[in-house]
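Structural description and commentary
Now for the letters of each chain:
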Amino acid sequence: MKVILVIQARNGSSRLPNKMMLKLAADTVLAWVIKRASRSKETDLVVLALPDTDENDDLENLARGLGCEVYRGSERDVLKRITLSLRKYQPDIVVRLCADRPLVDPEILDETVRLFIKYHQTNRPLDLVFSHQAVDGAPWPYGFGVEVLSYPCLYQLYKTVTDPIEREHVTLHMWNHPQRYRIKPLPCPETYSVPCPNLKFDLDTPSDLSRLQNLVTSSSDLSLPGYEFVSRAVTLQI
């Protein structure tokens, strides 16, 4: 089965402008995302899906310099951008990753794919498997995981979803209609489900950036599993 990982990114954040080009140690946030995602063993290709606006040209240049495929499309209709970024590859399985997760864990990513494939091979396949948020009894902290779904499911969403908000948030239609879709979390290991409220490792605000910069000590941390950052956060109480 062909598995393609698509990273959605843009430079136009209102809360933290140009956040993809901010630094963690010696690398940009986007470089962290691409480099860590590229360590996956279950994906065949990594594609970066960017808006087709000039302010994102530097992101394309950076990604291509790292050997990452790039697609440019609609800024607001992210569902369209993501779907069309994958059309020429015709994958069986899609891994969706938001670029505000510089500490994304390749092993968690791979385990999420494996769980999806496991169910896909049964007579009750799942529509979506996730490891990116603490819902449905899986206490995942934000920042390490992904969503996995089939490309036919993604394409069907692209063709049928009409709500602009649901098109901006790619799988929101599925979450809004749980009676129609089989959604399951990857079980969260104890090393990630520590008893710390509001434990957060994604990047939305200046305070998030400060927290991440305190957790990352050098570019060699690019190879660390996510639970190492969880442990540091607990130790530093951030």
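So, here is what we can say about the structure in this document. As the structure is a computational prediction, the values presented were derived from the model and not from experiment. (Residues numbered from 1 in each chain as written. Predicted model: local features only at pLDDT ≥ 70, side-chain atom pairs only at ≥ 80, totals over all residues. Heavy atoms only, no water.)

**With respect to the sheet that holds strand β7 (residues 128-130)**
Pairing within the open sheet is mixed, and its seven strands lie in the order β5-β4-β1-β6-β8-β7-β9. This sheet does not close on itself; its edge strands, each paired only once, are β5 (69-73) and β9 (183-185). Across the sheet, the mean angle from the axis of one strand to that of its neighbour is 25 degrees, orientation sign disregarded. Both β7 and β9 contribute to a ladder of three bridges, which runs parallel. Bridging from a neighbouring strand, V129 pairs with K184 of β9. (Pairing = 2+ DSSP bridges. Helix = DSSP H or I, 4+ residues; strand = E, 2+ residues; numbered from the N terminus. Axes fitted to C-alpha atoms, helices over the stretch in contact; angles between N-to-C directions.)

**Notes on helix α2 (residues 57-65)**
Among the residues making up α2, those that are buried are L59, E60, L62 and A63. Seen from one end, α2 has its buried residues packed into an arc of 165 degrees, which puts them on one side. For α2, exposure combined with an orientation more than 90 degrees from the buried face picks out N61 and G65. Looking at the packing, one finds that the buried side of α2 touches β3 (27-28), α1 (29-37), β4 (45-51) and β5. Immediately downstream of α2, the backbone of G67 shows phi near 80 degrees, a positive value. (Buried < 20%, exposed > 50% of the residue type's maximum accessible area, 1.4 Å probe, protein only. Arc of directions from axis to C-beta. Contact = heavy atoms within 4.5 Å.)

**Let's talk about the layout of surface pockets**
In this structure, the largest pocket encloses a volume near 890 Å³. As for the largest pocket, its lining consists of 29 residues, of which Q8, C98, D100, H169 and D204 are closest to the centre. Within the residue set of the lining of the largest pocket, elements represented by two or more residues are α3 (78-86), β6 (93-98) and α7 (172-176). When its residues are assigned to classes, the lining of the largest pocket shows nine nonpolar, seven polar and 13 charged. (1 Å grid on protein atoms, 1.4 Å probe; cavity = no way out; pocket = protein on both sides within 12 Å on 5 of 7 lines; lining within 4 Å. Points joined across faces, edges and corners; volume = space filled by probe spheres on them. Nonpolar A, V, L, I, M, F, W, Y, C, P; charged D, E, K, R; others polar.)

**What to know about the pairing of strand β1 (residues 3-8)**
For a regular strand, side chains alternate in direction, first toward one face of the sheet and then toward the other. Taking burial as the measure, the six residues of β1 include six buried ones, the bulk of the element. By the alternation rule, side chains of β1 split into V3, L5 and I7 and I4, V6 and Q8, which are all buried. Strand direction decides the pairing type here: β1 and β6, joined by six bridges, are parallel. Note on β6: the bridge partner recorded for V6 is R96.

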